[in-house]
Amino acid sequence: MALRTILRFPDAKLRQRSVEVTEVGDDVRQLVADMAETMNAADGAGLAAIQVGAPLRLFIIDGGVAGGAEGAPPKVFINPELVEISPESQTGDEGCLSFPGIFVPVKRGMKARIRAMGLDGQIFEADGEALLARAFQHETDHLNGRLLIDQVGPVKREIIKRRLRKDLEADREDAEDADKVAKSGAASAG
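Residues numbered from 1 in each chain as written. Predicted model: local features only at pLDDT ≥ 70, side-chain atom pairs only at ≥ 80, totals over all residues. Heavy atoms only, no water.

**Re the side chain of H142**
Then step 1. Turning to its location among the elements, H142 is positioned in helix α2 (residues 131-143).
Then step 2. The residues contacting H142, other than those within four sequence positions of it, are L14, Q16, A48, I50, Q51, C96 and L147. (Helix = DSSP H or I, 4+ residues; strand = E, 2+ residues; numbered from the N terminus. Contact = heavy atoms within 4.5 Å.)

Right under this line is the structure:
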């Protein structure tokens, strides 16, 4: 397993429409293992393959969120299809690992049913309510190139873009400072 870099908005790859998984082989299993480690390290509730640069119709949801026991392995959804979304809706703050620190109110169906394939190659259906239904809808959006920022109006969209640019600049400055410290430490050691 390996940590993968989570793509952050405005990376254009996040807008890419994901393609069907044609075979569940070792490469897909390795991707899922890497995604699980990456999602857990980032303290996420779900992660789509496209968020780590793999444009495949695949996502995982934290085992606890998916109805398992605390610490259960993530549930894997390959080639997922939302079969039903209830007309009854919920509005709640939604975050995204590709938009660190950003939370926006998003209206979603209260219940959702999804059909997908597991790592074992078997097709299954799962029902979700509240947070799990929200996760099904959010992660499916990723597979279709739809992002959290698409859920807000133009003013909020500009505020989010501005904040993310500031965060990116701060990250670059931190990296430059760390590089300078490392170089000065190497110079004094020599």
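**Describing helix α1 (residues 26-41)**
Residues spaced three or four apart along an α-helix point in a common direction, a consequence of the helix completing one turn every 3.6 residues.
Then step 1. The end-to-end C-alpha distance of α1, which contains 16 residues, comes to 22 Å, matching closely the 22 Å that a straight helix rising 1.5 Å per residue would cover.
Then step 2. Against β1 (46-48), β2 (58-61) and β3 (75-85) lie the buried residues of α1.
Then step 3. Two residues or fewer after α1 comes D43, characterised by a positive phi angle close to 60°. (Expected span 1.5 Å × (residues − 1).)

**Describing the layout of surface pockets**
Then step 1. Taken as a whole, the largest pocket holds about 380 Å³ of empty space.
Then step 2. Lining the largest pocket we find 21 residues, and of these A45, G46, G95, C96 and L97 sit closest to its centre.
Then step 3. Those elements that place two or more of their residues in the lining of the largest pocket are β4 (89-95) and α2.
Then step 4. Broken down by element, the lining of the largest pocket gets its largest block of residues, five residues, from α2.
Then step 5. Its residues assigned to classes, the lining of the largest pocket shows 10 nonpolar, six polar and five charged. (1 Å grid on protein atoms, 1.4 Å probe; cavity = no way out; pocket = protein on both sides within 12 Å on 5 of 7 lines; lining within 4 Å. Points joined across faces, edges and corners; volume = space filled by probe spheres on them. Nonpolar A, V, L, I, M, F, W, Y, C, P; charged D, E, K, R; others polar.)

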